[in-house]
Amino acid sequence: MILDSSRISLRPFKLTDVDDMMLWIDDDRVCMATPQVYNHFAEVIRLQAFDYVENKVSQRVLEKAGFLKEGILRKYCYHQGKICMA
């Protein structure tokens with residue numbers, strides 16, 4: 001299957017997008033959206049998600065959506081003046 005690039009629109013990410021996204025995301029939507037990615041884009045073979053090690057709620061949501069924890073990325077990102085793990 002060939003990906004129809006006309007169905008995809010990209011724009012620069014803005015910090016205000018995070019607020020909108022956090023209002024939209026909940027357990028049901030993540031669980032519903034994950035299989036739809038595979039159904040609509042057959043060429044996708046792997047879907048990744050990242051969360052902070054301290055954020056147990058996000059980890060649980062991802063597990064319910066079918067994600068598997070494969071490891072911890074140490075010193076992976078810089079957030080609010082600290083080096084964090086994901």
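Residues numbered from 1 in each chain as written. Predicted model: local features only at pLDDT ≥ 70, side-chain atom pairs only at ≥ 80, totals over all residues. Heavy atoms only, no water.

### Describing the overall build of the chain
Put simply, the rule reads: The secondary structure listing takes helices from DSSP runs of H or I that are at least 4 residues long and strands from runs of E that are at least 2 residues long, numbered from the N terminus. Think of it in three bands: with a 1.4 Å probe and only protein chains considered, a residue is buried below 20% of the maximum accessible area for its type, exposed above 50%, and partly exposed in between. We get accessible surface area from the Shrake-Rupley algorithm with a probe of 1.4 Å; when it comes to residues, only the shown protein chains can shield them.
When helices and strands are tallied, the chain shows three helices and two strands. The helix and strand sequence of the chain, counted from the amino end, reads α-α-α-β-β. The proportion of buried residues among the 86 residues of the chain is 14%. On the chain, roughly 7700 Å² of surface is accessible, and the fraction owed to carbon and sulfur atoms is 59%.

### Considerations on the environment of Ala86
Applied cut-off: In this analysis, two residues are considered to be in contact whenever any of their non-hydrogen atoms come within 4.5 Å of each other.
Mapping Ala86 onto the fold places it in the segment after β2 (82–84). Once the C-alpha coordinates of Ala86 and Tyr76 are considered, the two residues, ten residues apart in sequence, prove to be 6.3 Å apart. For Ala86, the contacting residues outside a window of four places in its chain are Asp51, Val53, Gly71, Ile72, Leu73 and Tyr76.

### A short note on the nonpolar core
Most often, soluble globular proteins have nonpolar side chains that are buried together. This is how the line gets drawn: Here, nonpolar core refers to any group of buried Ala, Val, Leu, Ile, Met, Phe, Trp, Tyr and Cys residues whose side-chain atoms link them within 4.5 Å.
Membership of the largest hydrophobic core is limited to five residues, which are Val30, Val61, Leu62, Ala65 and Phe67. Excluding residues that lie within four positions of it along the chain, Phe67 makes contacts with Thr34, Leu47, Gln48, Ala49 and Leu62.

### Remarks on the pattern of salt bridges
Think of it this way: side chains of opposite charge can pair up when their charged atoms draw near. Let me state the cut-off plainly: Salt bridge, as used here: a side-chain nitrogen of Lys or Arg that lies within 4 Å of a carboxyl oxygen of Asp or Glu.
Taken as a whole and judged by the stated rule, the model has two salt bridges. Notably, a salt bridge pairs Glu70 with Arg46, separated by 2.7 Å at the nearest N-O pair. A residue pair is termed long-range when its members are at least 10 positions apart, and Glu70 in the loop between α3 (56–64) and β1 (77–79) and Arg46 in the loop between α2 (27–40) and α3 qualify at 24 residues. Using a relative accessible area of 63% as the deciding quantity, one classes Glu70 as exposed. The class for Arg46 is partly exposed, based on a relative accessible area of 49%. For Glu63, the salt bridge goes to Arg60, with nearest N and O atoms at 3.6 Å. With Glu63 and Arg60 both in helix α3 and three residues apart, the pair spans about one turn of that helix. Judged by its relative accessible area of 48%, Arg60 is partly exposed.

### Thoughts on the layout of surface pockets
Condition: A pocket here means an open set of points on a 1 Å grid, computed over the protein atoms alone, that has protein on both sides within 12 Å along at least five of seven lines. A cavity is instead a set of points where a 1.4 Å probe fits but cannot get out; residues with an atom within 4 Å of a point line either one. Grid points are joined across faces, edges and corners, and a volume is the space filled by probe spheres set on the points.
Here the second largest pocket is characterised by a volume of approximately 540 Å³. If you trace the second largest pocket, you find 21 residues lining it, with Ala49, Leu68, Lys69, Glu70 and Gly71 closest to the centre. Ranked by residues supplied to the lining of the second largest pocket, first place goes to α3 with three residues.

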